Number of protein chains: 2
Amino acid sequence: MRNLTEKTKKSEPIYKGKIITLQLDEVELPNGNTSYREIVRHPGAVAVIAITDENKILMVRQFRKALEKTIYEIPAGKRDQGEEPELTAKRELEEETGYVANKWTHLVSFYTSPGFADEYLHLYIAEELAMGGNLQLDEDEFVELFAFTLEECKELIQKGDICDAKTVAAIYHWELQQIRASK
Amino acid sequence: MRNLTEKTKKSEPIYKGKIITLQLDEVELPNGNTSYREIVRHPGAVAVIAITDENKILMVRQFRKALEKTIYEIPAGKRDQGEEPELTAKRELEEETGYVANKWTHLVSFYTSPGFADEYLHLYIAEELAMGGNLQLDEDEFVELFAFTLEECKELIQKGDICDAKTVAAIYHWELQQIRASK
């Protein structure tokens, strides 16, 4: 396998925001030429496939300014610095939905947009749910809670009301899990 | 359902790059309070689940500066302005792998990071592959081509060498497709 690494020649900070930062890196390409990479730094995130006793998946409906759209997503949130991802997942599930879960499983972790951002998302499965009560949204966070069957999720994907990578991946996995369980 | 829309009060351009732009929006929240949203604009992308006659999936190995890692991803690329996504998909598959496909199916489209970016990715399935010959990478693009079985893909996910949202979603879907085909 070839060494495809790009060496950093210079890194210029462009913007430091509340959530993301932007930098422009000057890099040496594998062939020795120079190029530039625009890079967004993000603290990382968690998302939760939370399955109810009636075999429905919890979804939050929320407005996303970047899309100018209100969409359904699985519960998710940014990591606080130094916080263990599983703790973030437990905290976000309770804060966004009011539910706690007895059984937690790490499913997979992935980068959401590797071409320009380092956001790394840890996806968990939460089962054996119970009401926790500590519903507590961030002061700029407004969501509505729903629970959908797999068939309803597939219809929402078709209609484009479920339309983000983590939620689509979550639903595909949930279908695989149901197929395996039914065997 | 509640109206969760956030009205834009002001939008400040922060940075205009080669690929992404960054803006800071001042918004009115549903409760009338003011908040700020950091928003990355991206031209959109396509990605391709390309299945060979031996039932393997094509993958490109490439270095991602944002992650400082070399990873395996399904073939993908940014959309040119005004270009139909299916054309972009056909172009990117041929440019990155040298393959053309006779059968194209749109699977799903999703936002990769709806919390801060408007990148919208169209995912296609390409079947009945043949060598096209027009292998032509961008001048700052260096990739290696691989073809993996489903089992190999699952191992690469476990090892973290496949670790981006679109590729993980693609592999989950490919497994679902194989299960359906075997029934």
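None of the values given here were measured: they were computed from a predicted structure.

Before going further, it helps to examine the overall build of chain A. Across its full length, chain A holds three helices and 10 strands. The linear arrangement of helices and strands in chain A, starting from the amino end, is β-β-β-β-β-β-β-α-β-β-β-α-α. Along the three orthogonal principal directions, the C-alpha set of chain A runs to about 60 × 40 × 30 Å. Considering chain A as a whole, with its 183 residues, one finds that 40% of them fall into the buried category. Sequence separation of 24 or more characterises 59% of the internal contacts of chain A that already satisfy a separation of 6 or more.

Moving on to the relation of the copies chain B and chain A. Of the transformation superimposing chain B on chain A, the axial component is 0.0 Å and the angular component is 180°, with the fit at an RMSD of 0.0 Å. Overall, the copies show the geometry of a two-fold rotation axis. For chain B, the minimum C-alpha distance to the rotation axis belongs to Ala169 of chain B and amounts to 2.3 Å.

A few words now on helix 3 (residues 165–181) of chain B. In this model helix 3 of chain B runs 24 Å from its N-terminal to its C-terminal C-alpha over 17 residues, within 8% of the 24 Å that 1.5 Å per residue would give. Taken together, the buried positions of helix 3 of chain B are Ala165, Lys166, Thr167, Val168, Ala169, Ala170, Ile171, Tyr172, His173 and Trp174 of chain B.

The assigned domain composition of chain A is domain 1 (7–41) and domain 2 (45–109 + 119–181). In this structure, domain 1 of chain A and domain 2 of chain A have C-alpha centres spaced 32 Å apart.

To continue, consider the packing of helix 2 (residues 150–159) of chain A against helix 3 (residues 165–181) of chain A. Residue and element names in this part refer to chain A. In contact at an axis separation of 11 Å, helix 2 and helix 3 are set at 145° when each is read in the N-to-C sense. Crossing geometry of helix 2 relative to helix 3 is assigned as left-handed. Between helix 2 and helix 3, the residues in contact are Leu150, Cys153 and Ile157 and Val168, Ile171, Trp174, Glu175 and Gln178, respectively. Grouping the constituent residues of the contact of helix 2 with helix 3 by class yields six nonpolar, one polar and one charged.

Okay, the interface of chain B and chain A next. Opposite the 57 residues of chain B that make contact, chain A presents 57 residues. Those elements giving two or more residues to the side of chain B that touches chain A turn out to be strand 1 (7–16), strand 2 (21–28), strand 3 (34–41), strand 5 (57–64), strand 6 (69–73), strand 8 (99–111) and helix 3 of chain B. At nine residues, the largest contribution of residues to the side of chain B that touches chain A is made by helix 3 of chain B. Among the residues forming the side of chain B that touches chain A, the class breakdown is 32 nonpolar, nine polar and 16 charged.

Basis of the calculations
Residues numbered from 1 in each chain as written. Chains lettered and ligands numbered in written order. Predicted model: local features only at pLDDT ≥ 70, side-chain atom pairs only at ≥ 80, totals over all residues. Helix = DSSP H or I, 4+ residues; strand = E, 2+ residues; numbered from the N terminus. Buried ≥ 20, exposed ≤ 12 C-beta atoms within 10 Å, placed from the backbone. Contact = placed C-beta atoms within 7 Å. Least-squares fit on C-alpha atoms with pLDDT ≥ 70 in both. Expected span 1.5 Å × (residues − 1). Domains from an automatic or database assignment. Axes fitted to C-alpha atoms, helices over the stretch in contact; angles between N-to-C directions. Left-handed = near helix turned anticlockwise from the far one by under 90°. Nonpolar A, V, L, I, M, F, W, Y, C, P; charged D, E, K, R; others polar.

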